[in-house]
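Take a look at the letters that make up each chain.
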Amino acid sequence: MPTEYWRSPETLDRLNRLERPGFAAEFLRRNASYRRDFARTQRHLARPTVDAEAARAALARRWGLRFRA
């Protein structure tokens with residue numbers, strides 16, 4: 001979502017109705033540092049020798065995330 005829409009009345013209304021997990025996801029989705037880290041992790045996961053579980057766990061630790069099983 002382009003940043004100019006982040007403060008639109010429609011977007012604010014939708015954000016105000018989110019529960020904590022949804023709001024946290026929106027925060028991360030808009031966080032440039034998280035997006036860079038996520039993209040870097042995805043590139044890392046594309047390598048055949050990478051332990052995917054360890055790479056995802058490291059991303060989760062850095063950002064305080066919990067992934068569903």
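Draft legend 1. The arrangement of the packing of aromatic side chains in detail. Enumeration according to the criterion identifies 2 aromatic pairs in this entry. Relative to Phe38, the ring of Tyr34 lies with its centre 6.0 Å away and its plane at 35 degrees, an arrangement referred to as tilted. In this pair, Tyr34 and Phe38 are both assigned in helix α3 (residues 32-45), 4 residues apart and thus about one turn of the helix distant. Between the aromatic rings of Tyr34 and Trp63, the centroid separation amounts to 5.3 Å while the plane-to-plane angle is 85 degrees, which identifies the pairing as edge-to-face. In this pair, Tyr34 sits in helix α3 while Trp63 sits in helix α4 (residues 52-63), placing the two residues 29 residues apart along the sequence. For Tyr34, a relative accessible area of 13% gives the class buried. You can call Trp63 partly exposed: its relative accessible area is 26%.

So, how was this worked out
Residues numbered from 1 in each chain as written. Predicted model: local features only at pLDDT ≥ 70, side-chain atom pairs only at ≥ 80, totals over all residues. Heavy atoms only, no water. Phe/Tyr/Trp six-rings, centres within 6.5 Å; stacked < 30°, edge-to-face > 60°. Helix = DSSP H or I, 4+ residues; strand = E, 2+ residues; numbered from the N terminus. Buried < 20%, exposed > 50% of the residue type's maximum accessible area, 1.4 Å probe, protein only.

All quantities given are derived from atomic positions and should not be read as evidence of function.
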